[in-house]
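# Reading the structure
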Amino acid sequence: QVQLVESGGGLVQAGGSLRLSCATSGLTFSRYTVGWFRQAPGKEREFVAAAHISWLGGSKDYADSVKGRFTISRDNAKNTIDLQMNNLKPEDTAVYYCAAEVYLSGGYDRQENYRYWGQGTQVTVSS
């Protein structure tokens, strides 16, 4: 069975940093495109970042709102996905979810294209 579990969320002041981690099991990790999404109260779930598989170039993609501040990484040996978040802003406050889908090349920024999801972890950024 496939399982994704997020951790590392919490409360941080604006300008601070936080590192999220997503542990996965039950899948051949290197075959999957992995991503992070977030959902703030009263807003739709939105794309944050994605990391592509090696034979598709192993590239990374980010939402404009987090470029230069967030970094997604993957460790195929540990089957984990991390999201390093720097210079956090109050508007980054949301529940953050990790997600995975086999061989995504396009549509990586659309939540409906991901089959597997974690339960989410809360990130709160105070002013």
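This write-up is about the structure you can find in this document. Note that this is a predicted model, so its numbers are computed, not measured. (Residues numbered from 1 in each chain as written. Predicted model: local features only at pLDDT ≥ 70, side-chain atom pairs only at ≥ 80, totals over all residues. Heavy atoms only, no water.)

Turning next to the pairing of strand 3 (residues 18–25). Burial of strand 3 is one-sided: the residues Leu18, Leu20, Cys22 and Thr24 facing one way are buried, the residues Arg19, Ser21, Ala23 and Ser25 facing the other way are not. Relative to strand 3, strand 1 (residues 3–7) runs antiparallel, the two being bridged by five bridges. Residue Gln3 lies in a different strand from strand 3, and its bridge partner there is Ser25. With six bridges joining them, strand 3 and strand 8 (residues 80–85) adopt antiparallel strand pairing. Looking at strand 8, one finds that Ser21 is bridged to Asp82. (Buried < 20%, exposed > 50% of the residue type's maximum accessible area, 1.4 Å probe, protein only. Helix = DSSP H or I, 4+ residues; strand = E, 2+ residues; numbered from the N terminus. Pairing = 2+ DSSP bridges.)

The residue Pro41 is located in the loop between strand 4 (32–39) and strand 5 (46–51) in this model. In sequence terms Pro41 and Ala94 are 53 residues apart; their C-alpha atoms lie 7.1 Å from each other.

When you line up the elements, His52 lands in the loop between strand 5 and strand 6 (60–62). The exposure class of His52 is buried, given its relative accessible area of 7%. Reaching out from His52, the side chain makes a polar contact with the side chain of Asp61 at a distance of 2.7 Å. The residues contacting His52, other than those within four sequence positions of it, are Thr33, Gly58, Ser59, Lys60, Asp61, Arg74, Leu104 and Tyr108. (Polar contact = N/O pair within 3.5 Å; in protein donor to acceptor, adjacent residues only side chain to side chain. Contact = heavy atoms within 4.5 Å.)

According to the stated counting rule, one finds seven salt bridges in the structure shown. Taken together, the shared-partner salt bridges in this structure form one network comprising Arg38, Glu46, Arg69 and Asp92. (Salt bridge = Lys/Arg side-chain N within 4 Å of Asp/Glu carboxyl O.)

Once that is clear, we can look at a nonpolar patch on the surface. There is a patch of nonpolar side chains on the surface, built from Trp55, Leu56 and Tyr103 and spanning about 340 Å² of accessible area. Here Tyr103 is to be found in the loop between strand 9 (94–102) and strand 10 (116–117). (Patch = residues over 30% accessible without salt bridge, like charges linked within 9 Å, V, L, I, M, F, W, Y side chains within 5 Å. Areas by Shrake-Rupley, 256 points an atom, 1.4 Å probe, with all protein chains shown as cover.)

Ordered by their spatial adjacency, four strands build an open sheet running 1-3-8-7, and the pairing between neighbours is antiparallel. Of all strands in the sheet, those with a lone pairing partner are strand 1 and strand 7 (70–75), marking the two edges. Pairwise comparison of adjacent strand axes, ignoring direction, gives a mean angle of 15° for this sheet. (Axes fitted to C-alpha atoms, helices over the stretch in contact; angles between N-to-C directions.)

By the element assignment, Leu18 lies in strand 3. As a C-alpha pair, Leu18 and Ile53 span 35 residues in sequence and 25 Å in three-dimensional space.

Despite not being glycine, Asn79 shows a phi value in the positive range, around 60°. Examined against the element boundaries, Asn79 turns out to sit in the loop between strand 7 and strand 8. Although it is not a glycine, Asn87 sits at a positive phi angle of roughly 50°. With respect to the secondary-structure elements, Asn87 resides in the loop between strand 8 and strand 9.

Next up on the list: the packing of aromatic side chains. With the rule as written, the count across this model stands at eight aromatic pairs. Geometrically, the ring pair formed by Tyr32 and Tyr116 is tilted, given 6.2 Å between the ring centres and 55° between the ring planes. In this pair, Tyr32 sits in strand 4 while Tyr116 sits in strand 10, placing the two residues 84 residues apart along the sequence. Geometrically, the ring pair formed by Phe47 and Tyr108 is edge-to-face, given 5.6 Å between the ring centres and 65° between the ring planes. Residue Phe47 is found in strand 5, and its partner Tyr108 is found in the loop between strand 9 and strand 10; the two are separated by 61 residues along the sequence. Aromatic ring contacts, followed pair by pair, group Phe37, Phe47, Tyr97, Tyr108, Tyr114 and Trp117 into a single cluster. When the ring centre of Trp117 is taken as origin, the NZ or CZ atom of Arg45, which lies over that ring, is 5.0 Å away. (Phe/Tyr/Trp six-rings, centres within 6.5 Å; stacked < 30°, edge-to-face > 60°. Lys NZ or Arg CZ within 6 Å of the ring centre and 35° of its normal.)

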